[in-house]
Amino acid sequence: VDIGANLLDDMFKGIYNGRQCHPNDLQFVLERASKACISEIMLTAGSVEDAEQAQELISSGGYQKSGVKLYTTTGIHPTRATQTLRDEPQYMEKLAILAESPHVVAIGECGLDYCRQFSTPQDQITVFKEHFELAKVTRKPMFLHLRDAFDDFYRLVKDHRESFTSGVVHSF
């Protein structure tokens, strides 16, 4: 089982830097995964758009001939927090609706990433806190991201620990 697959990236559609460089090869990626004995993959959604794309892909069933079962997360990646707050004010309502799907197995990818300066720490904290409530309501585990923000991350997880059943943290 692969629980952190970023297969929604444009590169799997053959798009690099806005240019079509080769045909969509997601089906071949999934077939190779199946040959490597991967039976289930959790697609990582880091935005409302990612979560919607994942739902569309899974609902279409077109991937099923690979033999790999797909699931997804629903959440806002910390590096997208500022953009999401600015451009998508109803993002939590949209994520809550998406989270009702049986295909959604975790809330996230969410957390803190102070290494890359795409979003302010305060915006990341604001968005991260909202994910705890979504996890509480859905009773789904959390898929957490941590990079160069341990003290704030630990404090927030500790303060909201009663809000989620379980989860996984990845960092690098």
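Structure's up top.
All figures in this text were calculated on a predicted structure; none of them were measured in a lab.

A. Representation of the overall build of the protein chain. Scanning the protein chain from terminus to terminus reveals 6 helices and 8 strands. Mapped from its N terminus to its C terminus, the protein chain presents α and β elements in the order β-β-β-α-β-α-β-α-α-β-α-β-α-β. For 172 residues, the compact-globule formula gives about 16 Å, and the C-alpha radius of gyration of the protein chain, at 16 Å, lands near that figure. With respect to the principal axes defined by its C-alpha atoms, the protein chain has extents near 45 × 35 × 30 Å. Here the protein chain holds 172 residues, and 45% of them are scored as buried. Across the protein chain, every contact between residues at least 6 apart in sequence was considered, and the portion connecting residues at least 24 apart equals 76%. Roughly 9,100 Å² of accessible area belongs to the protein chain as shown, and the carbon and sulfur atoms make up 53% of that amount. Side chains of the protein chain carry 18 positive and 24 negative charges; the gap between the two charge centres is 3 Å.

B. Representation of the sheet that holds strand β8 (residues 167-171). If you trace the 6 strands from one edge of the open sheet to the other, you get β1-β4-β5-β6-β7-β8, paired in parallel fashion. The sheet is open, and its two borders are formed by β1 (2-5) and β8, each paired with just one other strand. Recorded for the sheet is a direction-independent mean angle of 30 degrees between the axes of neighbouring strands. Sheet topology places β1 next to strand β4 (residues 40-43); 2 bridges connect them, and they run parallel. Looking across to β4, one finds that Ala-5 is bridged to Leu-43.

C. Just the environment of Thr-74, in detail. Take Thr-74: it is sitting in strand β5 (residues 69-74). C-alpha of Thr-74 to C-alpha of Val-169: the two residues are 95 residues apart in sequence and 15 Å apart in space. Setting aside anything within four residues of it in sequence, one finds Thr-74 in contact with Ala-45, Ala-51, Leu-95, Leu-98, Ala-99, Val-104, Ala-106, Ile-107 and Gly-108.

D. Representation of the side chain of Thr-84 in the model. For Thr-84, the location among the structural elements is in helix α3 (residues 81-87). Looking at Thr-84, its side chain comes within polar contact range of the main-chain oxygen of Arg-80, at 2.7 Å. In this structure, Thr-84 is in contact with Ile-76, Pro-89 and Tyr-91, ignoring residues within four places of it in sequence.

Scoring rules and cut-offs
Residues numbered from 1 in each chain as written. Predicted model: local features only at pLDDT ≥ 70, side-chain atom pairs only at ≥ 80, totals over all residues. Heavy atoms only, no water. Helix = DSSP H or I, 4+ residues; strand = E, 2+ residues; numbered from the N terminus. Rg over C-alpha atoms; globule rule 2.2 N^0.38 Å. Buried < 20%, exposed > 50% of the residue type's maximum accessible area, 1.4 Å probe, protein only. Contact = heavy atoms within 4.5 Å. Areas by Shrake-Rupley, 256 points an atom, 1.4 Å probe, with all protein chains shown as cover. Lys, Arg positive; Asp, Glu negative; His and termini not counted. Charge placed at Lys NZ, Arg CZ, Asp CG, Glu CD. Pairing = 2+ DSSP bridges. Axes fitted to C-alpha atoms, helices over the stretch in contact; angles between N-to-C directions. Polar contact = N/O pair within 3.5 Å; in protein donor to acceptor, adjacent residues only side chain to side chain.

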